[in-house]
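Understanding the architecture of this molecule
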Amino acid sequence: MTAARAAVCIVHFGPAWRRTPLAWAVTRPDPRNHPVPLVHTPALNRLPPYVFAELDRLKAAARMRGATLVDLGIGSPDIPTDPGIVEALSAAAHDPLTHGYPPFRGAPVFFDAIGRFMQSRFGVAIDPPSEAIALSGAKEGIAQIIAALCGPGDIALIPDIYYPVYARAAWLAGAEVRWVRMRPDRGFVLDLDAIPPEDARRARLLIVNYPNNPTGARVERAFYDQAVEFARRNDLLLVSDLAYSELTFGGTPAPSALQSDVRHEVTLEFHSCSKTFSMAGFRIGFAVGSRLAIEALAAYRTNVGYGTPTAVQHAAAWALDHREQIVPGKVAEYRRRRDAMAAAFADAGWTIPVPTASMYLWLPVPEGVDDWEWVRTLIDEDGVVVTPGVAFGDGGRGWFRISLVRDAETLAAAARTIAARRAAVVPAVR
Ligand SMILES: Cc1ncc(COP(=O)(O)O)c(C=O)c1O
């Protein structure tokens, strides 16, 4: 940016930049009233309001009133990153070889670790770099594969309870979204048979996410057999978001969709280090699967970025190679937290559905109570932040999500508070 241009920006943006983050969150400027009217594109403008932004506004307002909140809204792991991972990052960062732009697709050390992980964990042989790519988090990769494959006139098949980026990236690309039913009476497993053939024919991709955020649902291999067959029959890409692959409590470990697509022809699978290794702040994940899909993702990424920092890839490689040492402790801690909340709810007379995967509880809003009213009351009256189910789409209406991101004692106390509020708003459950 030239000095003159920079000066213009400073003059125009000055007052906004100087606001505290809190004030910024509460009073958002209208770009149309700005001297340089930075009006969003129609695609950006058409996006429905981001529910997490409204939640931020409610939290900021409560804090301004002096409230201390127990924030169980966003699923950002509070369990510290393993010191070995931090040391691996530090050692790599001290090596000047990591200081230049990273290789576009990934560093050899990370590719090797991905190959070992996929083989030892799922029995899936991956051939990097043609079948793998490093990402600065699964989220951006999912958005980018959608942008690479979907445009106006195309359809993206997305669960009607969904991690927000799936639909938002499709809308930003100008594509149409068709919802795939995900209902409690089917254990929140997608009903692929309910997809109209006409939608399937025009669809470029189908997104599935198990273990699931927010519901905690999980699937076995048979589901992927069906999804792979569906993708093959309809000439579309199966995008499997496996961000919670390691967070399961009992039973067989979560399978990979690539176990059902042995030649890696129709599947692209996204992995994340954020939850498995408490590395959300490091921003690293990867995708594996179909060569053509990896090619599409790489083609998009090379046009808009420079790849994932090499030092971070070293840290993630160390994490993957030490999975068996790191993961069981984390899983045990999330299980302890889940059980502490379930027990506290039970003590208060509420038997909740207990998930066997993920780091969330997915609970029904008390009958007859509006979703937002429920969440607002918990924040304003009780100081507990939870996420309304509608943050995950219309299919999530009538539910709310609790993230298990505090210690067991704090969570048990929060459960008692929520149960008491429930009893207060629904006299019948007292
Ligand atoms: C289902 C799901 N996919 C992807 C992500 C994002 O992962 P990452 O931090 O690797 O971008 C999340 C984060 O909450 C998630 O819940």
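Residues numbered from 1 in each chain as written. Predicted model: local features only at pLDDT ≥ 70, side-chain atom pairs only at ≥ 80, totals over all residues.

Focus: the sheet that holds strand β5 (residues 203–208)
- Across the sheet, seven strands lie side by side as β2-β8-β7-β6-β5-β3-β4; this open sheet has mixed pairing. Pairing within the sheet leaves two strands with one partner each, and these edge strands are β2 (132–135) and β4 (176–180). Pairwise comparison of adjacent strand axes, ignoring direction, gives a mean angle of 20 degrees for this sheet.
- When β5 meets strand β6 (residues 237–241), the two strands line up parallel, connected through four bridges. (Pairing = 2+ DSSP bridges. Helix = DSSP H or I, 4+ residues; strand = E, 2+ residues; numbered from the N terminus. Axes fitted to C-alpha atoms, helices over the stretch in contact; angles between N-to-C directions.)

Brief notes about the packing of helix α6 (residues 108–122) against helix α12 (residues 310–321)
- It is at 8 Å that the axes of α6 and α12 come closest, and there the two elements cross at 20 degrees. In terms of their interaxial angle, α6 and α12 are classed as roughly parallel. Judged by the twist between their axes, the crossing of α6 over α12 is left-handed. Between α6, through V109, F110, A113, I114, R116 and F117, and α12, the contact on the second element is made entirely by Q313, H314, A316, A317, L320 and D321. (Parallel < 35°, antiparallel > 145°, perpendicular 65-115°, else oblique. Left-handed = near helix turned anticlockwise from the far one by under 90°. Contact = placed C-beta atoms within 7 Å.)

Comments concerning the site of the ligand
- Around the ligand sit 13 residues in total, of which G137, K139, N213, S272 and S274 are the nearest.
- Residue classes in the shell around the ligand are distributed as four nonpolar, seven polar and two charged. (Near = placed C-beta within 6 Å. Nonpolar A, V, L, I, M, F, W, Y, C, P; charged D, E, K, R; others polar.)

Looking at unusual backbone geometry
- Between P128 and P129 the backbone carries a cis peptide bond, its omega angle lying at 0 degrees.
- With omega at 15 degrees, the peptide bond leading from N213 into P214 counts as cis.
- Assignment of secondary structure puts P214 in the loop between β5 and α10 (221–233).
- The backbone of H264 shows a phi angle near 55 degrees, a positive value even though the residue is not glycine.
- Considering the arrangement of structural elements, one finds H264 in the loop between β6 and β7 (267–272).
- Its identity is not glycine, yet S358 carries a phi of approximately 80 degrees, on the positive side.
- Of note, S358 is situated in the loop between α13 (323–347) and β9 (360–364).

Let's talk about the environment of V365
- Summarising the element assignment, V365 is placed in the loop between β9 and α14 (371–382).
- Taking the C-alpha atoms as reference points, V365 and V228, separated by 137 residues in sequence, lie 35 Å from one another.
- When neighbours within four sequence positions are excluded, V365 is seen to be in contact with D371, W374, G398, W399 and F400.

Considering the sheet that holds β9
- Spatial ordering of the open sheet is given by β9-β12-β11, a layout of three strands whose pairing is antiparallel. Since the sheet does not close on itself, it has two edges, and those belong to β9 and β11 (387–388), each with one partner.
- Summarising the sheet, β11 and strand β12 (residues 399–403) pair through two bridges and their orientation is antiparallel. Each residue of the ladder has a partner; that of T387, found in β12, is R401.

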